[in-house]
Amino acid sequence: LEKGRLVMCVDPDWMPLEALSDNRYVGIAADIYADMISPLLPVPIEVYPSQTWVESLDAVQARTCDLLSLAVPTASRRRYLNFTQPYIRAPLVLATAMDKPFVENLQQIEERRIGVVRGYAFGELLRERQPNLKVVDVESIMDGLKRVENGELYGYVDNLISISANIQQGFPGQLKISARLDDHLPLAVGVRNDDPVLFSIFERAIQHINAANKDKQRILSDWISVRQDVAIDYDLIWQALLVLALVGAAFAFHYSHLWRYNRRLRQISETDALTGLYNRLRAD
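Think of each chain on its own: its residues are numbered from 1, step by step along the sequence as written. Residues qualify for local features only when their pLDDT is at least 70, as the model is predicted, and side-chain atom pairs are given and counted only at 80 or more; totals for whole chains, interfaces and linings, by contrast, use all residues. Hydrogens are left out, water is left out, and the side-chain values use all remaining heavy atoms of the structure.

Moving on: the overall build of the chain. The secondary structure content of the chain amounts to 9 helices and 12 strands. The principal-axis extent of the C-alpha atoms belonging to the chain is close to 115 × 40 × 35 Å. Considering only contacts within the chain whose residues lie at least 6 apart along the sequence, 70% involve residues at least 24 apart. When the accessible area of the chain is evaluated, it comes to approximately 16,100 Å², of which 53% is carbon and sulfur surface. Each charge sign in the chain was given a centre, from 31 positive and 36 negative side chains, and these centres are 8 Å apart. Here a helix means four or more residues in a row that DSSP labels H or I, a strand means two or more in a row labelled E, and each is numbered from the N terminus. Whether two residues are in contact is decided by their heavy atoms, any of which lying within 4.5 Å being enough. In these tables, accessible area is a Shrake-Rupley quantity obtained with a 1.4 Å probe, and a residue counts as shielded only by the protein chains included in the view. The charge count includes Lys and Arg as positive and Asp and Glu as negative, but it does not include His or the ends of the chains. To locate a charge, take atom NZ for lysine, CZ for arginine, CG for aspartate or CD for glutamate.

Below you can see the structure in the form of structure tokens.
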């Protein structure tokens, strides 16, 4: 704080969470910093003009940046950063082409090529948990989705907020969300770990943001479309219709037999077998 400004590294291509567009910091995190964090600080925040996420990580590690705006705490990052409590949580999902089946977990698609942006924390997590999964580094979310579209990758893993927005804008009817993973991204502020006073300031700032949940939700709603395109698995629908048709046919066949048997029983019970005339039961 004595130097009169703070330098913050961001992900330059992670919309709608955050990005650098014409050297302007935009996105959900940008609005949260502008509306809810900056007013609490005695000095301004300057955004470091990185070109990639890996460049941002390198700049923070070299102390060129004081802050990492939106990041998942990992063991490797804790060597040079302290992390506040999370202020955004987003589920991880898998995006695939429309013709791929829905899956319950990534174990069903082991040996497939799955894209993750280089340097993202959940890339490390996937490699540790599922060594048989072929995790491929991509340069950005758009790079990953394009590789899925052209068949180079089976799928791409990222948070639900970013994947949904990018599919709606660039790949409607071509890509879909095929799985929701068990993990959520706890996105927090990373503060250089050689400045405990700065960390305490940001920890209190994030506590304020989480307490003022309505303001945070307003910002989220401004960026996240309320409309959700539901991906339809037509193979599953046809299978369900076939099962229903078979069940309906079996019921109709069984009902026709019962109807004939009941009609025959009624006839036997009301007529004389020798003469065919109505009997006493019929008369009664």
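That covers the picture; the talk isn't over yet.
Counted as salt bridges are all cases of a side-chain nitrogen of Lys or Arg within 4 Å of a carboxyl oxygen of Asp or Glu. What the rule picks out here adds up to 11 salt bridges. Here R192 and D66 are joined by a salt bridge, their closest N and O atoms 2.8 Å apart. With R192 in strand β12 (residues 175–192) and D66 in the loop between α2 (53–61) and β6 (67–71), this residue pair connects regions lying 126 residues apart in the sequence. In this structure, D183 and R129 form a salt bridge, with 2.8 Å as the shortest nitrogen-oxygen distance. Of this pair, D183 sits in strand β12 while R129 sits in helix α3 (residues 121–129), and the two are 54 residues apart along the sequence. Three or more residues are tied together by salt bridges with common partners; here these are R63, D66, R192 and D194.

The next point concerns empty space enclosed by the protein. The gaps left among the atoms become clear once a water-sized probe is rolled over them. As defined here, a cavity is a set of points on a 1 Å grid over the protein atoms alone where a 1.4 Å probe fits but cannot get out. A pocket is an open set with protein on both sides within 12 Å along at least five of seven lines, and residues line them when an atom is within 4 Å of a point. Grid points are joined across faces, edges and corners, and a volume is the space filled by probe spheres set on the points. According to the stated counting rule, one finds 1 cavity of 30 Å³ or more in the structure shown. One number sums up the size of the largest cavity: a volume of about 70 Å³. Considering the residues around the largest cavity, the lining is formed by W14, W53, L70, A71, V72, R77, Y120, A121, F122, L185 and L187. Mapped by element, the contributors of at least two residues to the lining of the largest cavity are β6, α3 and β12. Here the residues of the lining of the largest cavity sort into 10 nonpolar, no polar and 1 charged. When residues are sorted by character, Ala, Val, Leu, Ile, Met, Phe, Trp, Tyr, Cys and Pro go into the nonpolar class, Asp, Glu, Lys and Arg into the charged class, and all the rest, Gly among them, into the polar class.

Before going further, it helps to examine the nonpolar core. In this structure, Y87, V157 and F202 are the most contacted members of the largest nonpolar core, which totals 78 residues. The leading source of residues in this core is β12, at 8 residues. With sequence-adjacent residues up to four places away left out, F202 is seen in contact with L6, Y33, I37, L41, I45, L67, T84, V189 and V191. By nonpolar core is meant a set of buried Ala, Val, Leu, Ile, Met, Phe, Trp, Tyr and Cys residues that side-chain atoms within 4.5 Å join together. Think of it in three bands: with a 1.4 Å probe and only protein chains considered, a residue is buried below 20% of the maximum accessible area for its type, exposed above 50%, and partly exposed in between.

Pairing of aromatic rings covers Phe, Tyr and Trp, the last counted by its six-membered ring, and requires centre-to-centre distances within 6.5 Å; plane angles under 30 degrees mean stacked, over 60 mean edge-to-face, and any other angle means tilted. One pass over the structure, following the stated rule, counts 3 aromatic pairs. Ring centres of W14 and Y120 lie 5.2 Å apart, and the angle between their planes is 50 degrees; on these two criteria the pair is classed as tilted. Here the residue W14 occupies a position in strand β2 (residues 13–14), and Y120 occupies one in the loop between β9 (113–117) and α3, the gap between them amounting to 106 residues. Per residue, the accessibility class of W14 equals that of Y120, and both read buried. Ring centres of Y120 and F122 lie 5.4 Å apart, and the angle between their planes is 65 degrees; this geometry places the pair in the edge-to-face category. On the basis of relative accessibility, which here comes to 5%, the residue Y120 falls in the buried class. Note on F122: relative accessible area 4%, which makes it buried. An aromatic cluster is built from W14, W53, Y120 and F122, whose rings are joined through pairwise contacts. One residue, K176, lies across the ring of F102, its end atom 4.0 Å from the ring centre. Criterion for a charge above a ring: Lys NZ or Arg CZ within 6 Å of the ring centre, and within 35 degrees of the ring normal.

A few words on the sheet that holds strand β4 (residues 24–26). Working definition: the strands of a sheet are paired by backbone hydrogen bonds and lie parallel or antiparallel to each other. One bridge is not enough; two strands pair if DSSP finds at least two bridges between them. The strand order across the open sheet built from 3 strands is β2-β3-β4, with neighbouring strands paired in antiparallel fashion. The two strands at the open ends of the sheet, each matched to only one other strand, are β2 and β4. Bridge count between β2 and strand β3 (residues 18–21): 2 bridges; the pairing is antiparallel. Its bridge partner being in β3, D13 is matched across the sheet by A19.

Before going further, it helps to examine the side chain of S50. Assignment of secondary structure puts S50 in the loop between β5 (45–47) and α2. We call two N or O atoms a polar contact when they sit within 3.5 Å, provided that within protein one can donate a hydrogen and the other can accept it, with sequence-adjacent residues counted only if both atoms are side-chain atoms. Polar contacts involving the side chain of S50 include one to the side chain of S56, which spans 2.6 Å. Every residue in contact with S50, bar those within four places of it in the chain, is listed here: V10, P12, L20, E55 and S56.

Here the focus is helix α5 (residues 160–170). Looking at α5, one finds that the buried residues are I161, S162, I163, A165, N166 and I167. Tucked inside the fold, the buried residues of α5 contact β2, α1 (28–37), β8 (88–97), α4 (141–149), β11 (155–159) and β12.

Confidence of the predictor in every single residue is expressed as pLDDT, which spans 0 to 100. When pLDDT is averaged across the chain, the result is 88; 90% of the residues are at 70 or more. Ranking the elements of the chain by mean pLDDT puts helix α9 (residues 280–283) last, at 68, and strand β7 (residues 81–83) first, at 98. Residue range residues 226–231 is modelled with pLDDT below 50. Its contacts to residues more than four positions away, or to other chains, number 5 contacts.

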